[in-house]
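# Report on the structure
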Amino acid sequence: MVEIRIHGRGGQGGVTLAKLIATARFLTGHSVQAFGLYAAERSGAPIQAFCRFSPEAITDRNLIYEPDHVVILDPTLVGPGVTRGLKPGGWILVNTELPAEAVAEQFPHNRVAVVDATAIALENRLGTRSVPIVNTALAGAVARILEIPLDDVLAGMEHLGFGGGNVTAARSAFQAVAIRDAISPDAEPESARPGPAGRGASFLEGAGGERPAIQTGSWATSQPKRQQYVPPCNHICPAGNDVQGFLHALARDEVDEALGILLRTTPFPSVCGRVCPAPCMQQCNRSELDEAVNVRQLERLAGDVGRVVLERPEARSQRVAVVGSGPGGLSAGYHLARFGYGVTVYEGAPEVGGLLRTGIPDFRLPGKVLDREIERITDLGVQVVTDHRVDRRGLMELARAYDAVLVATGLQQLRDLRLGVGGSDMALQGIDFLDQVKHDQARLDGETVVVVGGGNTAMDAARSALRVGASEVRVVYRRTRHEMPAIAEEIEEALEEGVILHELVQPVSLQAEAQADGDTGSHGLQCIRMRLGEPDASGRRRPVEVEGSDFSLPCTRIILALGQSPDLSVFPEGAEVREGGDLLGLLEHPVFAVGDLATNDGTVAGAIGSGRRAALHIHQTFTGEVVETGDQARVRSDVDLWNDEVIRADALRMHLFERSPGQEGSSLDPRERLDGFREIHTGLPDTSEARRCLSCGVCNECDICVTYCPEGVLKRVGHQLVFDYAYCKGCGICVTECPRNVVFMSHL
Amino acid sequence: MSTTELPVNGSAPRRDMPGEIPPLSCEPLLRPGNTNCGGCGMSIGLTWLGRALEDLEQKAHLAIPACCGAVTAGAFPTTSYAMPTVATTFAAAPAVASGLASIRDLNGSEEQVICWAGDGGTYDIGFATLSAAAERNENILYICYDNEIYGNTGGQRSSATPPGARTTTTPHGKSESKKDVMSIMAAHGIPYAATLSVGHPEDFRQKLHTALTTSGMRFLLMHSPCPTGWKSEPAESVQLVRLAVRSGLFPLFEVFGGQRYRINAEPDWADPTEYFRRQRRFRPEEVDLGTTRRWARERFQRLKVLAEAFPA
Amino acid sequence: MPREIVTGNHAAGLALSMAGEANRFARGTAAGIYPITPQTEIVERVAAFPFSKGRVVPVESEHSAMGVTIGASLSGARAFTASSSNGLAYMVENIMVAGFYRLPVVMVAVNRTLGPPWNIWADQGDTLMLRDFPWIQLYAQDNQQVADLTLLAFRLAEDPRVLLPVLVCMDAFIVSHTQMETELPTQEQVDRYLPPLDLPHRMRSDDPKTLGGLVWPDATVSLRKEIHEAFDRVPMVFEECRQEFRDVFGRSPAGAVEAYHTKNAETVLVATATIATTALEVVRSRRAAGERVGLLILRMLRPFPIDQLLEACASASRIGVLDRDYAAGIGGVWAHEIRAALQGTRDDLLVQGYLTGIGGGDVTAERIDEVLVDLGQRELPGPPVWVGLEDPAPVPAAPPPKAPLVPPVPSGVEATP
């Protein structure tokens, strides 16, 4: 008599395998038995099945305790328990992708055969990926090791009505079996017959009520784990802010914590919360669902409402000079001061703030908001010297006196437009105009103004012009509104206030209008219409003139807002100005370019990020210590898998989110706005907008996975997700219900 | 009438925002190490029932008739239930619970007496007992986890099996419809009857709270995914029952005193094809989609009329 | 102790209710009740009893009546019910549960013929079919015994050495509906006799055990053996309960077994319930005539009182067993039990079974005389004797051999071999 014990999991087809073997033998005249051990086991639980065959009549009606051979349907079941009582020299057949030798190490006294029945089953579409039906493949493998003719097994399968992929699977497995049959000879048979039973529990006594002893984690073929992606907002933020992080804090109404997170990377949350073009919002995955989270206004809220007192760190001996007090310079100074370095900022103008101070009108960025954020920097001990313009010689002196110098002079060269006769009288640079407006030195009462350009300076100038008396303000831009670099909201607001936008229009020249009185200063701006052609190097479609489309716009004033470029005159001839490079190795101490000067990025956020990187770089130069405060600082030890790729909407389970419209925040009525330079936005009333953040690829502790875990073995402890793998059955509901792709399934 | 609009994209009303589930002060009602299949809806229901009891600082005694839930306990003397439990005969749970609740009330004890039963024990063999307990307005909470099949015996039809579903006793798909047990239970005029879906945790929690703070007979019908019986992926369990709510196949509603109705979720009438396709108990040729959808719409319409005429 | 004229049902209903009432200082009492002739009066009396701490649950079936009783008992209450005949058959599943859960519930059963065809009169077949369940079974002869044994049943069931349910049986109509003088207990006496129940395994919130979880074969063996050991202790505890009963009520309740004139008897009749009363009269008159005839009255079926049986039959050479029941293919259950009990100890004894009064017919002294005549003439035991049935039914003829079914051969086609 041959006795085979089969170990598998509920649902894998172990009993049917016993029947397949038995049928093959039955058809060749054997007496056979095939049966399972039935109890409360469920899908996935370890189960046993048995097969006996003999040329004689079989009389034993009990379980098989001392099998001749053992078949293991699931490699995770391999262990001492499955070979209990196995006769020395008997076969152990395992469904595994491992080589026979790897399995054989554990079983020196038995012959070992392996076959990847799972792969064969899946190839033949037997069962599902989570529960492949491997029994027909293993029937083929059993035929091979027990030297039962394969045709007998196939005949048995036909007898039982198995066809198609089952037959192919059995044939494939028959061929694919790998064998290790060298065994060490000196084994004693192990007795595994059941002994007498002891008295069991009575429910009349105190016994009972303890937890079950089964560790259902052994059923699992895969386990959930926690991963993290880079959210697109964090990835795109030029300042390097942990956008998801501060939104998460706000969503919990922890405004101070949110500000603290922002202050790790930026000294200017209130400023950026007003003037940032917010590329994070353009990248926001939520726009696939309804509309982007209003990150800008939320940053403003955190900056304006949050209260954080920054500790002054222990002072370090090194001193750093910063040239320029714009966002780049101040950001660098701020971060250096937070390391404890002595910082002095030199500013050529009478006031601190650079372009933030002069180039952005009060209705967008009130001076007192800027003052407050600068104060936070100076409170850290940063010294500011105003009215101190640094020239080439001055820079050399600084490089001698300080341990390092940062040059953050921004973009001071203004682009011009040659407009022909008379243009120079009427044309005004937007930046200069805005500075004059700030100082109450500009009036354009009754004037007809044309602003040339499509950036924020153009919009600010146009809107300021309306506020200082202009009767009509037009903006001409050579591409379409869609390509305008200005913040979309600002364009919208400008139009609301009465600014007239001419898209696809290029000014050509300024010509005096043939007026009767001749001296009103009224001119016509000759323009030509454009169309969008092929994309240029920047990816934007290049504007192309439409021949013969010339026309004239009346105007008394032209404001140019065509962009700026760096003024490199402070540097020695031939210096290569780039971010992170120590420009002037010849000078006594290192000198770095920071902000727009180095990056030509043109945004406040970009300058802030550049300043921070420079500060980190200098710190590394001084100490050798690598510190990261931005994105990389978010690599967490409690995450099983860190993906440094950006997560896009298609990797989220969007259907699990509720739609809810974004909050704009309140602003003044367009009619009220033009009365002076009052800030037109009044911000968000509360933090609720932050709850719209999808927290893409980052656990925001929503606890949905915890809620749904059927077993209650997934818990959150503090900020950690704790999976109790001793009991987790690996059902995967925590994965399918995680809307943000934080939980994933890892195959064992 | 108050209903919650389901968003067009089909997400259920649910918590997708930060929040924290407070740790339990005691053991979970359903302990780890239970032998339920992975992805079993009953496991979710028991886990949530345990949390609701915890929320309300209540204890419970369970009476469980023959069903998977009785096997869940595991091998004596250990048990997967952290609260005292008795396995009753198949038809007897509401009667045994009536006895437990009677003595509980005579002694002024506070524990809930809860019947936790499958659809076989509820719709079929135990129905007379259940109906009688409802008619006597026994002070018990009866929760039917309806997986639409005799799961414990390996998957035979019950009167809760939906039309078209293959079971081992309907090898070509069930030709009869699903018994509308909610209407029958509501007709008893019991204080509270409601449907539950494990795809809607907040709604589930609220109704458990209502049930646990109401006295008299309370009946909860929970749509309980069964990956083994439905031949579906365990990980999709919750998605499936949520689809059933969306497509109107399993409406979420409450009936108070058998008279006043509240609908808890407005279906978006999503195409139920996906619901059927993801369960291999259904074959496309054996499911009459048109009739199914018409039936679902008409039933929901009826509920709506009731909820408008007799709002809770 | 008031002496009244009451029916057996009245006595039972009163005893059950007063026993329940006596637990009012503990967890109280409850009964699931459902009517069936001829026990209905019992549940009516229970339903009307003014319990201080009790609930009577009028359910929809016997199955649920026992279900409620089980639930109440699991909650620590003194719980009871009553039923009869097909009602018991419908209740069977839960009757078994009460025993396996070791619940000390008491059920009064009025022995009525199982149907169909429908017959409401006395026959013990209904409770005897429950003989393999873990229930103690007591059979009363009259109203007094009904009252006494019902009270004693609670004391016995609730003894921590026993913890088994008890069935108290009486004959339909002959006891259940017959008005007889009966000494009824006072509540004060019952309170003294039945102390507050403290069930060791009742469901308690601080003890999260599951009753009825899965058990493997080994654990099942253990639980079954516990039941067997509890049954082994029943005769001893039963006698203690009788003694306590005497102390409280001032009179002795009926014993598990009573032997009359068996001391030197050559022939012993064995009878139960009301038949035993008539049989005693016959035996007494035979004894008066000098015949060495004795009578053994059995009141306990489970556990089976083997020792007392052996003692009563010590001098006898033949035993006649009167059964008002019929076990298909076997005959009388009591006769069967006795044969099994004597096996290997008294193989010399001739045991003959007599089926009499089946379906509720009267068992008169004449019938019992016929039995004694038959018994006296016997050399060997034979098949059960259907007492008073003169014409045996004709034996149906064996069916004629049938030709195998062959499909008809279509005309014009020749069948091939």
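Remember, it's a predicted structure, so these values are computed and weren't measured experimentally.

This part covers the overall build of chain C. Check the secondary structure of chain C and you find 12 helices and 16 strands. At 24 Å, chain C has a C-alpha radius of gyration in line with the 22 Å of a compact globule built from 417 residues. With the principal axes as the frame, chain C shows a C-alpha extent of 90 × 70 × 45 Å. For chain C, with 417 residues in total, the buried portion stands at 53%.

Looking now at the domain arrangement of chain A. Interfaces are often sized by the accessible area lost when the parts come together. Residues and elements named next belong to chain A. Each domain of chain A was delimited in the assignment, giving domain 1 (2–180), domain 2 (319–412 + 566–623) and domain 3 (443–562). The C-alpha-based centres of domain 2 and domain 3 are spaced at 33 Å. Residues of the side of domain 2 that touches domain 3, tallied by class, amount to two nonpolar, one polar and one charged.

Okay, the sheet that holds strand β9 (residues 210–211) of chain C next. Within a sheet, each strand pairs with its neighbour through backbone hydrogen bonds, oriented either parallel or antiparallel. Strand order in this open sheet of nine strands is β8(B)-β7(B)-β5(B)-β6(B)-β4(B)-β3(B)-β1(B)-β2(B)-β9(C), and the pairing throughout is mixed. At either margin of the open sheet sits one strand with a lone partner, and together these are β8 (260–263) of chain B together with β9 of chain C. Note that strand β1 (residues 60–64) of chain B and strand β3 (residues 112–118) of chain B share four bridges and pair parallel. Paired with B:A63 across the bridge in β3(B) is B:C115.

Right, let's get into the domain arrangement of chain C. Residues and elements named next belong to chain C. We note that the domain assignment places domain 1 (3–197 + 221–249) and domain 2 (257–386) within chain C. Put simply, the middle of domain 1 and the middle of domain 2, counted by C-alpha atoms, are 27 Å apart. Mapped onto the side of domain 1 that touches domain 2, the elements with two or more residues apiece are α5 (125–128), β6 (136–139) and α8 (217–249). Take the side of domain 1 that touches domain 2: its biggest share by element is four residues, from β6. Of the residues contributing to the side of domain 1 that touches domain 2, the split by class is 13 nonpolar, six polar and three charged.

Our next topic: the sheet that holds strand β10 (residues 257–260) of chain C. All names here are of chain C. Taken together, the six strands give an open sheet; going across it, the order is β10-β12-β11-β14-β15-β16, and neighbouring strands pair in mixed fashion. Unpaired on one side and paired on the other, β10 and β16 (385–386) mark the two borders of the sheet. Bridge analysis of β10 against strand β12 (residues 293–298) gives four bridges, and the strand direction is antiparallel. Counterpart to A259 in the pairing with β12 is L296. The strands touched by helix α12 (residues 365–377) within the sheet are β11 (267–272), β12, β14 (318–323), β15 (350–355) and β16, with β14 carrying the most contacts at an inclination of about 145°.

That bond from B:F76 to B:P77 is cis: its omega, 5°, falls within 30 degrees of zero. Within the secondary structure, B:P77 is located in the loop between α2 (68–72) and β2 (85–87). In this structure, C:P303 follows C:R302 across a cis peptide bond, with omega equal to -10°. Among the structural elements, C:P303 can be located in the loop between β13 (300–302) and α10 (306–312). Phi is positive for A:D387, which is not a glycine, with a value near 55°. Its place among the elements puts A:D387 in the loop between β11 (383–385) and α16 (392–401).

Below, the discussion takes up the packing of helix α6 (residues 143–158) of chain C against α8(C). All names here are of chain C. The interhelical angle for the contact between α6 and α8, taken along N-to-C directions, is 120°, at an axis separation of 10 Å. When the axis of α6 is compared with that of α8, the two are oblique. You can see that α6 and α8 cross each other, and the crossing is right-handed. Facing D148, L152, R155 and L156 of α6, the residues of α8 in contact are V237, F238, C241, R242, E244 and F245. Along the lines of polarity and charge, the residues of the contact of α6 with α8 split into six nonpolar, no polar and four charged.

Definitions and limits used
- Residues numbered from 1 in each chain as written.
- Chains lettered and ligands numbered in written order.
- Predicted model: local features only at pLDDT ≥ 70, side-chain atom pairs only at ≥ 80, totals over all residues.
- Helix = DSSP H or I, 4+ residues; strand = E, 2+ residues; numbered from the N terminus.
- Rg over C-alpha atoms; globule rule 2.2 N^0.38 Å.
- Buried ≥ 20, exposed ≤ 12 C-beta atoms within 10 Å, placed from the backbone.
- Domains from an automatic or database assignment.
- Nonpolar A, V, L, I, M, F, W, Y, C, P; charged D, E, K, R; others polar.
- Pairing = 2+ DSSP bridges.
- Contact = placed C-beta atoms within 7 Å.
- Axes fitted to C-alpha atoms, helices over the stretch in contact; angles between N-to-C directions.
- Parallel < 35°, antiparallel > 145°, perpendicular 65-115°, else oblique.
- Left-handed = near helix turned anticlockwise from the far one by under 90°.

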